[in-house]
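As a plain string of letters, each chain reads:
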Amino acid sequence: MDGILTWMRDSALAAMIVNNIWVFPTLETLHFIGLILLMGSLVVIDLRFLGMAPRIPLNAVLGFLPLSFLGFVINLATGILFLFSDPYHYYENLSFRLKMLAVLLAGLNAIWFKLSLNVESLPVESTGNPGMRIRVIAGLSLLLWISVIVFGRMIPYLK
Amino acid sequence: MLEWLESSALARMVQESMWGYPIVLSSHAVGMAILVGLALMINFRVLGLAPKVPLTALKTMFRIAWVGLVINVASGAMLFVANADAFYESTPFWLKISLLVVGITLLVMLSRRIPGASDSAQDYVPTPQVRWMAFLSSVALFGVIVFGRLIAYWDWKDF
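Just so it is clear, the structure is predicted and the values come from calculations on it, not from any experiment. (Residues numbered from 1 in each chain as written. Chains lettered and ligands numbered in written order. Predicted model: local features only at pLDDT ≥ 70, side-chain atom pairs only at ≥ 80, totals over all residues.)

(A) Quick peek at the interface of chain A and chain B. Taken residue by residue, the interface counts 28 residues in chain A and 28 residues in chain B. Counting only elements with at least two residues in the side of chain A that touches chain B, the list comes to α3 (23-50), α4 (58-61) and α8 (132-153) of chain A. The element best represented in the side of chain A that touches chain B is α3 of chain A, accounting for 13 residues. In terms of residue class, the side of chain A that touches chain B is made up of 21 nonpolar, four polar and three charged. (Contact = placed C-beta atoms within 7 Å. Helix = DSSP H or I, 4+ residues; strand = E, 2+ residues; numbered from the N terminus. Nonpolar A, V, L, I, M, F, W, Y, C, P; charged D, E, K, R; others polar.)

So this is what it looks like as structure tokens:
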């Protein structure tokens, strides 16, 4: 691990981020915009699968999913650049580790969601509400992504 | 006035308790994700994304967006009183507040133009004017995020 962290810290990429004062605030702003796209689309989808706005067909609300992927890619890219700027700080930070754990669990939860949709063969064309298992997954998705935001914001404070 | 705010019991709580400031900051980030995230998704739908989602049903989600707004006005007021003179003199802070007022006004106008649950099977088709409201409120809310982030950098010595 030490080898990777040292390589990241001494890379030209790290020097570029640290030495230009406008790069870090620009990356932070992009990270917030990615967060908005990821969370906004997931909140709509999860609330629908929890039972809100039952007149929206379940397959129609999945039309917001491309924005979740777009937001995730923006935040993965900007997040990796943050790591390069100060690798030891993030690696050793408790809140950062909890955030990465929450991202991992949210990813597994998304896979569970996909598998459950296949298994339950939801009447996706219809309106109305899905079964209890899908509702639990949707609720977990909201909780996990909110904890990702909270642990991210706590990085400077919870070391 | 600003000094009185900064010495108030509420400001003291945010300034002095170890977890006060990070908890309020985290709430502000979660509220932002809910408010701006949902507002953008509704706006994107008005502009043509996910066309199979009925706008008259999606409109219900404005209620959750307003919950995000309440969280952020409350947490924002707490952040303001904790550091009132620095915020009062910050240019990006006033740009942020101005754009927030513009963005929310446009969103309220837009939400009033979309009819609620109706008996007719036909979905509401947004007029060109409503599409402009969706576009301009999205731009204003992006601006709120950009200037919010810049508060910490513009006159960085104050924070």
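Resuming the write-up.
(B) The environment of Leu-100 of chain B, seen in detail. All names here are of chain B. Of note, Leu-100 is situated in helix α7 (residues 91-113). Judged by local crowding, Leu-100 falls into the buried class, with 21 C-beta atoms found within 10 Å. The spatial distance from the C-alpha of Leu-100 to the C-alpha of Trp-66 is 13 Å, given a sequence separation of 34 residues. (Buried ≥ 20, exposed ≤ 12 C-beta atoms within 10 Å, placed from the backbone.)

(C) A look at the nonpolar core. In this structure, Ile-36 and Val-44 of chain A together with Ala-33, Leu-38 and Ala-39 of chain B are the most contacted members of the largest nonpolar core, which totals 67 residues. Discounting residues that sit within four places of it in the chain, Ile-36 of chain A has contacts with Ala-33, Val-36, Gly-37 and Leu-40 of chain B. Ranked by size, the runner-up nonpolar core spans five residues in total, among them Ala-11, Val-14, Met-78 and Val-81 of chain B. (Core = buried A, V, L, I, M, F, W, Y, C linked by C-beta atoms within 7 Å.)

(D) Inspection of the packing of α3 of chain A against helix α8 (residues 128-154) of chain B at higher detail. One way to put it is that α3 of chain A packs onto α8 of chain B with a least axis distance of 10 Å and a crossing angle of 145°. When the axes of α3 of chain A and α8 of chain B are compared, the crossing they make is right-handed. Contacts between α3 of chain A and α8 of chain B involve Pro-25, Glu-28, Thr-29, Phe-32 and Ile-33 of chain A on the former and, on the latter, Ile-145, Val-146, Arg-149, Leu-150 and Tyr-153 of chain B. Looking at side-chain class alone, the contact of α3 of chain A with α8 of chain B contains seven nonpolar, one polar and two charged residues. (Axes fitted to C-alpha atoms, helices over the stretch in contact; angles between N-to-C directions. Left-handed = near helix turned anticlockwise from the far one by under 90°.)

(E) Up close: the packing of α3 of chain A against helix α5 (residues 65-85) of chain A. Residue and element names in this part refer to chain A. In contact at an axis separation of 8 Å, α3 and α5 are set at 150° when each is read in the N-to-C sense. Classed by the angle they form, the pair α3 and α5 counts as roughly antiparallel. Classified by chirality, the crossing of α5 by α3 is left-handed. Taken together, the residues of the contact of α3 with α5 break down into 16 nonpolar, nine polar and no charged. (Parallel < 35°, antiparallel > 145°, perpendicular 65-115°, else oblique.)

(F) Just the environment of Arg-149 of chain B, in detail. By the element assignment, Arg-149 of chain B lies in helix α8. By the C-beta count within 10 Å, which is 20 here, Arg-149 of chain B ends up buried. C-alpha of Arg-149 of chain B to C-alpha of Met-1 of chain B: the two residues are 148 residues apart in sequence and 26 Å apart in space. Setting aside residues up to four positions removed in sequence, Arg-149 of chain B forms contacts with Pro-25, Glu-28, Thr-29 and Phe-32 of chain A.

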